[in-house]
Amino acid sequence: MREGWAEGAAARWWVTRRIRSGSGVLLVCALFGAVPLHAQATNPRPYRLQVPPARPLSAMAQLGKRLFNDARLSGSGRISCVSCHSPAHAFGPPGVSAIVLGGADDRSPGFRAVPSLRYLYRQPPFSIGPDTSADSDQRLTVGQQAARAGDKVRAVKTALAPQAAAANLVPQGGLFWDGRVNTLQQQAGGPLFNPAEMAAGSPSRVLTKLETNYGEEFKAFFGPTVFQSPRLALDEAMFAIGRYEIESVEFHPFRSKYDAWLAGHAELTPAESRGYRLFNDPDKGNCAACHLDQPTRDGRPPLFTDFQYEALGVPRNPAIPANRDSHYYDLGVCGPYRTDLRAQTQYCGMFLTPSLRNVATRHVFFHNGVFHSLHDVLEWYVYRDLAPERFYSRDESGHVVKYDDLPPEYRRNVDTVDGPFNRHPGDPPSLSDAEIEDVIAFLDTLTDEDDHASPLRTDARMSR
Amino acid sequence: MRIQWRRMLAFGGAAAMLANSIIPVAAADPGFGRNTATPIKHLVVIYDENISFDHYFATYPHATNPSGEPRFFPSPFTPRVNNLLTSDLLTNNPNFLNPANGAGAANPFRLDRTQAATADQNHSYTPEQEAFDGGKMDLFPKYTGTATTGGADAFGTTGQVMGYYDGNTVTALWNYAQHFAMSDNAYGSSFGPSTPGAIEAISGQTNGYVAVLGTKSASFVADGEGGFTDIGDEDPAYDTCSSKTQTMSMLGKNVGDLLNEHGISWGGFMGGFDLSLVNADGTTGCARDSTSLYTGTTADYVPHHNWFQYYPSTANPTHARPSSVDAIGHTYDASGQLDPANHEYDIDDFYAAVKAGNFPAVAFLKAPAYQDGHAGYSDPLDEQAWLVQVISFIEQRPEWRDTAIIIDWDDSDGWYDHAFVEPTSASYATADVLNGAGLCGSGPPPPGLGGDPVNGRCGPGPRIPFFVISPYAKANYVSHTLITQSSIVRFIEDNWLRGERLNNGSFDATAGSIMDMFDFNTRFANPPLFLDPEDGTPAAHPAPFPPFP
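The rules behind the values
Residues numbered from 1 in each chain as written. Chains lettered and ligands numbered in written order. Predicted model: local features only at pLDDT ≥ 70, side-chain atom pairs only at ≥ 80, totals over all residues. Helix = DSSP H or I, 4+ residues; strand = E, 2+ residues; numbered from the N terminus. Rg over C-alpha atoms; globule rule 2.2 N^0.38 Å. Buried ≥ 20, exposed ≤ 12 C-beta atoms within 10 Å, placed from the backbone. Contact = placed C-beta atoms within 7 Å. Axes fitted to C-alpha atoms, helices over the stretch in contact; angles between N-to-C directions. Parallel < 35°, antiparallel > 145°, perpendicular 65-115°, else oblique. Nonpolar A, V, L, I, M, F, W, Y, C, P; charged D, E, K, R; others polar. Pairing = 2+ DSSP bridges. Core = buried A, V, L, I, M, F, W, Y, C linked by C-beta atoms within 7 Å. pLDDT = per-residue confidence, 0-100. Expected span 1.5 Å × (residues − 1).

For the rest of this paragraph, the subject is the overall build of chain B. Summing up its helical and strand segments, chain B has 12 helices and 19 strands in all. A compact globule built from 549 residues should have a C-alpha radius of gyration of about 24 Å, and chain B, at 22 Å, falls within 12% of that. Based on the C-alpha atoms only, the size of chain B along its principal axes is roughly 65 × 55 × 55 Å. By the burial criterion, 62% of the 549 residues in chain B qualify as buried. Looking at chain B alone, contacts between residues at least 24 apart form 75% of all its contacts between residues at least 6 apart.

The next thing to look at is the overall build of chain A. Assigned secondary structure in chain A consists of 12 helices and 6 strands. For chain A, the residues scored as buried account for 50% of the 464 residues in total. Counted over contacts in chain A with a minimum sequence separation of 6, partners at least 24 positions apart contribute 72%.

Residue and element names in this part refer to chain A. Packing of helix H10 (residues 270-280) against helix H12 (residues 433-444) brings their axes to within 7 Å, and their N-to-C directions diverge by 100°. It follows that H10 is roughly perpendicular to H12 by the angle criterion. Contacts between H10 and H12 pair Ala-271, Glu-272, Arg-274, Gly-275, Tyr-276, Leu-278 and Phe-279 from the former with Glu-435, Asp-438, Val-439, Ile-440, Ala-441 and Phe-442 from the latter. Of the residues contributing to the contact of H10 with H12, the split by class is 8 nonpolar, 1 polar and 4 charged.

Turning our eyes to something else, we now look at the interface of chain B and chain A. The partner chain A presents 38 residues to the 46 residues of chain B that form the contact. Listing elements by their share of the side of chain B that touches chain A, those giving two or more residues are strand S2 (109-110), strand S12 (289-292) and strand S13 (296-299) of chain B. With 3 residues, the top contributor of residues to the side of chain B that touches chain A is S13(B). Class assignment for the residues of the side of chain B that touches chain A results in 15 nonpolar, 25 polar and 6 charged.

All names here are of chain B. Of all 7 residues that make up strand S16 (residues 403-409), 7 are buried, and the element is covered over most of its length. Across 7 bridges, the pairing between strand S1 (residues 42-48) and S16 is parallel. Counterpart to Val-44 in the pairing with S16 is Ile-405. In the sheet, S16 pairs with strand S17 (residues 466-469) via 4 bridges, with the strands oriented antiparallel. Bridging across to S17, Ile-406 finds its partner in Val-468.

With that settled, the discussion passes to the sheet that holds strand S9 (residues 235-236) of chain B. All names here are of chain B. As summarised here, the arrangement of the 3 strands in space is S6-S10-S9, forming an open sheet in which the pairing is mixed. Each edge of the open sheet is held by one strand with a lone partner, namely strand S6 (209-213) and S9. Of the pairings in the sheet, the one linking S9 to strand S10 (residues 247-250) comprises 2 bridges and is parallel in character. Its bridge partner being in S10, Asp-235 is matched across the sheet by Thr-247.

Here we take up helix H12 (residues 486-496) of chain B. Residue and element names in this part refer to chain B. For H12, a buried count of 11 out of 11 residues is recorded, marking the element as mostly surrounded by other parts of the structure. Looking only at H12, the buried set comprises Ser-486, Ser-487, Ile-488, Val-489, Arg-490, Phe-491, Ile-492, Glu-493, Asp-494, Asn-495 and Trp-496. Contact partners of the buried residues in H12: S1, helix H8 (194-203), helix H9 (255-261), strand S15 (362-366), S16 and strand S19 (483-484). The positive-phi residue at the C-terminal boundary of H12 is Arg-498, with phi of around 50°.

Of all hydrophobic cores here, the largest spans 256 residues; its most connected members are B:Val45, B:Ile46, B:Leu365, B:Ile406, B:Phe467 and B:Val468. The dominant element in this core, judged by the number of residues it contributes, is helix H8 (residues 230-247) of chain A, at 10 residues.

Atomic detail in the predicted coordinates should be set aside for any region of low pLDDT. Residue and element names in this part refer to chain A. Residues with a pLDDT of 70 or more make up 86% of chain A, whose mean pLDDT is 86. Within chain A, the lowest mean pLDDT, 35, falls on helix H1 (residues 2-20), and the highest, 98, falls on strand S6 (residues 351-352). Within the model, pLDDT remains below 50 along residues 1-40, and this stretch shows 39 contacts once partners closer than five positions in the same chain are excluded. Residue range residues 458-464 is modelled with pLDDT below 50. Its contacts to residues more than four positions away, or to other chains, number 13 contacts.

All names here are of chain A. Here H12 contains 12 residues, and its C-alpha end-to-end distance of 17 Å stays within 8% of the 16 Å for a straight helix at 1.5 Å per residue. Taken together, the buried positions of H12 are occupied by Glu-435, Ile-436, Asp-438, Val-439, Ala-441, Phe-442 and Leu-443. If you follow the buried residues of H12, they end up packed against H10 and helix H11 (374-383).

Further remarks concern the environment of B:Gly232. Locating B:Gly232 in the fold gives a position in the loop between strand S8 (228-230) and S9. Between the C-alpha atom of B:Gly232 and that of B:Phe491, which follows or precedes it by 259 residues, the distance is 26 Å.

With respect to the helices and strands, A:Arg255 occurs in the loop between H8 and helix H9 (257-262). Separated by 104 residues in the primary sequence, A:Arg255 and A:Val359 have C-alpha atoms spaced 14 Å apart.

Here the focus is the sheet that holds strand S18 (residues 477-479) of chain B. All names here are of chain B. With mixed pairing, 8 strands are arranged side by side in an open sheet as S14-S11-S15-S1-S16-S17-S4-S18. The open sheet has two free edges, formed respectively by strand S14 (344-346) and S18, since each of these has just one partner strand. Taken over all neighbouring pairs, the strand axes of this sheet differ in orientation by 20° on average, direction set aside. The pairing of strand S11 (residues 266-270) with S15 spans 5 bridges and is classified as parallel. Opposite Gly-267, over in S15, you have Ala-363 as the bridge partner.

Another point: the confidence of the model for chain B. Residues and elements named next belong to chain B. Overall, the prediction assigns chain B a mean pLDDT of 91, with 93% of residues at 70 or greater. In this model residues 1-28 is a low-confidence stretch, pLDDT under 50, and it forms 30 contacts with partners more than four residues away in sequence or in other chains. Scored as a complex, the prediction yields pTM 0.83 and ipTM 0.80.

Here the focus is unusual backbone geometry. Looking along the chain, the bond that leaves A:Gly419 and enters A:Pro420 is cis, with omega of 0°. With respect to the helices, strands and loops of the structure, A:Pro420 is situated in the loop between H11 and H12. Residue B:Pro460 is bonded to the preceding B:Gly459 through a cis peptide linkage, with omega at 5°. Among the structural elements, B:Pro460 can be located in the loop between S16 and S17.

What follows concerns the environment of B:Asp508. Residues and elements named next belong to chain B. On the secondary structure map, Asp-508 appears in the segment after H12. Of the residues examined, Asp-508 has 28 C-beta atoms within 10 Å and is grouped as buried. C-alpha separation for the pair Asp-508 and Gly-436, spaced 72 residues apart in sequence, amounts to 28 Å. Residues within four places of Asp-508 in sequence aside, it is in contact with Gly-204, Ser-486, Val-489, Arg-490, Glu-493, Arg-501 and Leu-502.

Residues and elements named next belong to chain A. Between helix H3 (residues 59-68) and H8, the shortest axis-to-axis distance is 7 Å and the interhelical angle comes to 105°. Classified by the angle between their axes, H3 and H8 sit roughly perpendicular to one another. Contacts between H3 and H8 involve Met-60, Ala-61, Leu-63, Gly-64, Lys-65, Leu-67 and Phe-68 from the first element and Ala-237, Ala-240, Ile-241, Gly-242, Arg-243, Tyr-244 and Glu-247 from the second. Here the contact of H3 with H8 is composed, by residue class, of 9 nonpolar, 2 polar and 3 charged.

Next comes the structure, spelled out in structure tokens:
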């Protein structure tokens, strides 16, 4: 089959080039096995992937599921978690607009795009650098961790050796676009009280609703005095929601075609295979450098994120009403919604690398929802540095303001070393138009298929 | 048939030898043949992490039993324990009433089984004393309740330090309590975190700290006699896996030295210690790690938990392997050469040695970290699974008939506990605040290494659980004798060494005795108890022991 042979030849050429350049032979060999070479579209090295088992929800998780769907908790009485984290849309935003209108009047605009709630169960806590402190009686604050990271040069991120970057002393882990909380319990409390989101009002309003609608259950679970401690009762309610998200397989279904392919149960089309190779090619997409796509050593499926933060300098989105104020900047890790790292301006502009699972179901991308199709996203990845005038606004003199969603003093934080962001005007594009389509074809394989059990759950073997 | 101990003594001669001829025991068993003051020939000390007594036993023996959770019903005649239920502290608790706790003011509250993953509390020497508030035990949320969050699925609340589990979570421990003996009056020998607790379990006291690399000022105090006392966590010097910038060692002797002097077999067995093994996830060396169902991934070996590694005479800094399975527990191998492992081994070496009939007389065990029970990176369910597996393993051995298993904890994690005892070890360092600035207790501190009173050992510290599991353990028994971690040292000395003491400041001589948890005169051995490792409920048959590399 000529096409397959050409692919195989291209792949072998690519592999040989890697070996000659001396970079990561062992890793190349590992990749060699996993990347489809010829028209052979099945995974030549299938994995037996460990996934959390599908079990009946505990009573706590069932309570959480009811709270997750309960619009009575909101100020307007019309918004629940599912309003923005739609089960039919991978628990992500159901709409196409960058921000959702919420609040007590259903008309308050938000500030950031809604993330998906799927695949957060393995999210590590926030730290600067990997958190190696088991049982430390002196834990460093994030400020101290940042100081320790100092000016240490970090390893370049390449799809050939993504684990090398795991030791980088960079922000990683946590939830929300800026990592300001660590637990799903804490995350649930954010939108609940955000005046632009569920706008639940005062804690006592929520507690009254909880006691009225869930009082007996709470007292059984948490003791008869639970409502005497308002903070505790609220935390327990949010924990129950988090518990639902941990236990329910709907939050980590692993029902995508890619999962099936990893396990040897599916075939990739030629376009998907090409896209997969481009995803992993450090000189092409280099996507796997941050969006890790290989199972862990002990067989857990990839989550398509290394949990690290990046400042990519996406264009400013005029559709966000707050952006009408030219002095307003959403700086991610260094603020304004996260407050403990304001002084660490080296992190301004950094946002969490999200999982790419189900990315093809989204219509809003990046923290500010500035793009609405995967095609636009990939165009920007390829041409950000080659043709910035396509994406960024211009100043009064007509000059393109690259990274216009960052104040001038923080534009130096933007990543210009990890491919494909290491290119300059005049360089060839990292991906051709046809290659962009192939990558999108591959990204489509990351969508969880609904209404059937994961082929990975053929046995009840326990895993995290 | 049960042999009565007294009757054996009445025959004179070496009672142990006579017992040998009647109860067949593997001749290779090194614990056997030694004269012991009790019938116990094998002591296994399971040293777990960071639990206060009330954190696990606040409402013992009454569990909530919500539907879908492992149920627990107490045996009739279960003795009363000193906990929050019997002290009527579940409501109107001083930690709720004291406004100094601010937003964290809270009554004790039940932690559900789904909340096995929680944050780690503050368990440093000074904050623990501050929480005690001179014995009023009412400032835990303020001082030890400053918690980190843990992973995505962890539970956290501002008064979290007041949370407790019941028999629907710590089911195995409640069942062991029903069938064997535990203490409701056991304490850390002093305040402070893991390293002082580890050192106290083997040498009885913490004076004699030496900074080897760097200066970790939070982990020691000047003892007032020109030396230093350990009050905090710091890695053991020269250990391959230790910090490269801050390490310590200890002067003086520990109980391992005494056992060596008498040629008694013993070992320290730590999870993750064998650096040559490769774990299922591909990690090896000091980076060997394991992933919990509940709390994420964490390194197996934690250097600052390794008791004997702090003393040069009993250390194995390079993690050298024993020359053979038969050499485990012994100073010399079969050919008379010094065994490179020097009594420090991997937890897997314990299983291998016991299976080979080479069950040491004294063994200290530490799980791989994810199973040691420490909040944050471990949890009660992982801890329970390991405890059940290890205890079941021992219970199935023929040596079980002469074995005592102690389960003790190295510190309380700062979790709330209501019990207070007046300090018997006073201290007047700046770090001491129990009774005021620079004050813990009254009167002169006990002597330290050099024989003079020294600072830094304010204690007893917080109350922790303590179990004795053995055919000779009393059944469904609660001891109220005041004991500490140093009582472990005392028992070893009393049983194998005719009461020889470490002296030089050790608390072994003044520690309480655990003997009331045993009954050596009974006709009936306490039978083994097999539990399900996942839910801690009684099982008809022991669970199969998991394979290890």
